[in-house]
Amino acid sequence: MSSFEIKMHRDGRIYGWSMLLAICAFPLFASIKYNIWPNFGAIWPGVLTMWILMASYVLSEMIAFPPILGPGSLYLTYITGNLQNQKIPCALSAMSIAGIEAGTEKANAVSVIAVAVSSITTTVIIALGILLMTPLTPVLNSPVLAPAFNNVVPAIFGALAGLWLLKEIKVSLVSVVVCLIAILVLKIDLQWVLLGGIAATIIIARLMYSKGMLKE
Amino acid sequence: MDYQSLINSSALTIFVAVVLLLVTTVCVIYLRNGWNEAKRLGVTTAEMKKIVLNCIGISLVPSIPIVLSVIVMAPVLGVALPWLRTSVIGSANNELISATMAASATGVEFTTTDMTPQAWINAAWAMTLGCSVALPIVLVVLKPVCKTYDVFRKKDSRWISIFSLCALVTVIAAFSINSGKKGIIPSAVIIGCFIFSYLCNLAAKNPKLKWLKDYAFPLTILFGLVLSMIITPFLS
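Being a predicted model, the structure only gives us computed values, none of them experimental.

Quick notes on the rules
Residues numbered from 1 in each chain as written. Chains lettered and ligands numbered in written order. Predicted model: local features only at pLDDT ≥ 70, side-chain atom pairs only at ≥ 80, totals over all residues. Helix = DSSP H or I, 4+ residues; strand = E, 2+ residues; numbered from the N terminus. Rg over C-alpha atoms; globule rule 2.2 N^0.38 Å. Contact = placed C-beta atoms within 7 Å. UniProt positions renumbered as here; feature names shortened; annotations may be inferred. Core = buried A, V, L, I, M, F, W, Y, C linked by C-beta atoms within 7 Å. Buried ≥ 20, exposed ≤ 12 C-beta atoms within 10 Å, placed from the backbone. Domains from an automatic or database assignment. Nonpolar A, V, L, I, M, F, W, Y, C, P; charged D, E, K, R; others polar. Bend = angle between axes of the 7 residues up to and from the residue. Expected span 1.5 Å × (residues − 1). Axes fitted to C-alpha atoms, helices over the stretch in contact; angles between N-to-C directions. Parallel < 35°, antiparallel > 145°, perpendicular 65-115°, else oblique. Left-handed = near helix turned anticlockwise from the far one by under 90°.

Caption draft 1: Quick peek at the overall build of chain B. On a plain count of helices and strands, chain B comes out with 10 helices and 0 strands. Taken over C-alpha atoms, the radius of gyration comes to 22 Å for chain B, far larger than the 18 Å a tight globule of 236 residues would show. Look at the contacts in chain B between residues 6 or more apart in sequence, and 58% of them connect residues 24 or more apart.

Caption draft 2: Examining the overall build of chain A more closely. Of the regular secondary structure elements, chain A holds 11 helices and 0 strands. Taken from the N to the C terminus, the helices and strands of chain A come in the order α-α-α-α-α-α-α-α-α-α-α. If you line up chain A on its principal axes, its C-alpha atoms span 70 × 50 × 40 Å. In chain A, once contacts between residues fewer than 6 apart in sequence are set aside, the share between residues at least 24 apart is 66%.

Caption draft 3: Layout of the UniProt feature "transmembrane region" (unreviewed entry) in chain B. All names here are of chain B. The UniProt record annotates "transmembrane region" (unreviewed entry) at residues 12–31, 51–77, 123–146, 158–177, 183–204 and 216–235. The span residues 123–146 carries 92% helix and 0% strand; its end-to-end C-alpha distance comes to 35 Å. Span residues 158–177 is 100% helix and 0% strand, its end C-alpha atoms 28 Å apart.

Caption draft 4: Geometry of the nonpolar core. Ranked by internal contacts, the top residues of the largest apolar core, which has 156 residues, are I79, A94, V110 and I113 of chain A together with I172 of chain B. The biggest single contributor to this core is helix α3 (residues 45–77) of chain B, with 14 residues. Leave out the neighbours within four places in its chain, and I172 of chain B touches F157, L160, A161, W164 and L165 of chain A.

Caption draft 5: Inspection of the environment of L83 of chain A at higher detail. Residues and elements named next belong to chain A. Note on placement: L83 falls in helix α5 (residues 83–98). On the basis of neighbour count, L83 is assigned to the buried category, with 21 C-beta atoms found within 10 Å. With 22 residues separating them along the chain, L83 and E61 place their C-alpha atoms 10.0 Å apart. Excluding residues within four positions of it along the chain, L83 makes contact with T77 and I88.

Caption draft 6: Spatial organisation of the domain arrangement of chain B. All names here are of chain B. Domain boundaries assigned for chain B yield domain 1 (3–132) and domain 2 (142–235). For domain 1 and domain 2, the distance between their C-alpha centres works out to 26 Å. The partner domain 2 presents 5 residues to the 5 residues of domain 1 that form the contact. Among the residues making up the side of domain 1 that touches domain 2, the classes are represented as 2 nonpolar, 2 polar and 1 charged.

Caption draft 7: Highlighting the interface of chain A and chain B. Taken together, the contact between chain A and chain B spans 120 residues of the former and 128 residues of the latter. Among the elements that line the side of chain A that touches chain B, the one with the most residues is helix α6 (residues 105–131) of chain A, at 19 residues. Per-class residue counts for the side of chain A that touches chain B are 86 nonpolar, 28 polar and 6 charged.

Caption draft 8: Representation of the domain arrangement of chain A within the structure. Residue and element names in this part refer to chain A. The assigned domain composition of chain A is domain 1 (3–144) and domain 2 (165–216). When each unit is reduced to the centre of its C-alpha atoms, the spacing between domain 1 and domain 2 is 27 Å. Facing 5 residues of domain 1, the contacting portion of domain 2 comprises 4 residues. Residues belonging to the side of domain 1 that touches domain 2 are distributed by class as follows: 3 nonpolar, 2 polar and no charged.

Caption draft 9: Inspection of the UniProt feature "transmembrane region" (unreviewed entry) in chain A at higher detail. Residues and elements named next belong to chain A. Under the UniProt annotation, "transmembrane region" (unreviewed entry) lies at residues 12–30, 42–59, 109–132, 144–166, 171–186 and 192–209. Taken end to end, residues 109–132 comprises 96% helix and 0% strand; its first and last C-alpha atoms sit 35 Å apart. With 100% helix and 0% strand, the stretch residues 192–209 has end C-alpha atoms that lie 25 Å from each other.

Caption draft 10: Fine view of helix α10 (residues 212–235) of chain B. Most pronounced at P218 of chain B, the bend in α10 of chain B amounts to some 35°. Along α10 of chain B, the positions that sit buried rather than exposed are A216, F217, P218, T220, I221, F223, G224, L225, L227 and S228 of chain B.

Caption draft 11: Layout of the environment of V52 of chain B. Along the polypeptide, V52 of chain B turns up in helix α3. With 20 C-beta atoms counted inside 10 Å, the residue V52 of chain B sits in the buried group.

Caption draft 12: Highlighting helix α1 (residues 3–34) of chain A. Residue and element names in this part refer to chain A. Over its 32 residues, α1 runs 47 Å from end to end, which matches the ideal 46 Å to within 8%, given 1.5 Å per residue. Maximal helix bending in α1 amounts to about 35°, located at F26; proline P27 follows within four positions. Looking at α1, one finds that the buried residues are F4, E5, M8, G12, Y15, G16, M19, I23, F26, P27 and A30. At the C-terminal side of α1, N35 shows a positive phi close to 50°.

Caption draft 13: Spatial organisation of the packing of α3 of chain B against helix α4 (residues 80–87) of chain B. All names here are of chain B. Where α3 contacts α4, the two axes come as close as 8 Å, and the packing angle between them is 150°. As far as their axial angle goes, α4 and α3 are roughly antiparallel. The element α3 and its partner α4 pack so that their crossing is right-handed. Taking contact as the criterion, the partners of I66, S69, V70, M73, A74 and L77 in α3 are, on α4, L81, P82, W83 and T86. Residues that form the contact of α3 with α4 fall into these classes: 8 nonpolar, 2 polar and no charged.

Caption draft 14: A look at the packing of α6 of chain A against α4 of chain B. Closest axis-to-axis distance for the α6 of chain A/α4 of chain B pair is 10 Å, and the angle between their directions is 160°. Judged on the interaxial angle alone, α4 of chain B and α6 of chain A are roughly antiparallel. Note on packing geometry: the crossing formed by α6 of chain A with α4 of chain B is right-handed. Of the residues in α4 of chain B, those in contact with T123, I126 and I130 of chain A of α6 of chain A are W83, T86 and S87 of chain B.

Put into structure tokens, the structure is as follows:
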């Protein structure tokens, strides 16, 4: 582990726990201020549902993302959220601009820059949106723009596919076929597709690698 | 104190502003660290400036649906709570599901007229406890996972590069197919963006159009959004 990675782990844990405490302090502050306390007996089934839903995603993401992004950007991503539609695309675009291979020391460093800039931009945009909420509401809710806002994720992943899937076509073909079968034929949930799809792609790629079928 | 005054109190808004200021400070510290490390590893300042500009461009459009979700939640939950939950950790969908479940568990509808201070407190705690679970898992699990990957990297660095690529292309393939299965419009947008991105990268091989490589990604997203606006009236 490089000294930068060691620092990222140390800082990531310190800032991560501190930010988690600060974020979780909000309902506590509200309860103390208004002397209204939650009815945990009523909300626990909903909380448990969210834990189960999110834990399965996070665990599969913990297998998928560390070899791509590195620790620094991942700690920051999980503090600030919006992994799929902002942080991953920004980090991958940054690597592409600098002509860096995913999973390298350079990739880890530029991913940190990308995720930090993306987080700051989102925070500023949301704050501006709140300040300008009244004049912006009719524009943002306009039926002309609605299809664009409904298709942000497909546009991002179409762009990412064009950027990365052609780099090693044999591996990409394997992953696309595996995901097509898993999602469209077997109708498996996305988090399990990620986990199983990565495992299946790695096994087949390993066979190709052993037989010298992948370019050096 | 009536419900609207409670959920929109300045104390709550200031509290959220302070938390977000702290989070932004952490982002700036990370940005500085990443910048110094990238520079040390030989990434040029010009490249890093391009990365910064690109990331701002890429983050702008996906931020708008987040602003919209805050606008949707604000009349029912006030400004402070949705502002905090959508700016950090949470995703708007999960937060909305969590808040709705909490309101329902309290015995009220998730509407401006039905919500009570008790339902709001229940929602605030449910959103915080339910949707913040990812971060503590990452804080505990990430270091051992990275150490395990490092052991493999030392054994065969070429294989770990292919391993990373396998994870990367599967993530892209899985999310693309999962988005595409929702209908003909997202499918058309994905295919359109894939072709547009390929053409941009092809055109960028021409020395006169080299600049296109740096802006291919945000341009492709913009193309996808415009394409969706054009095809929706015909295909929906």
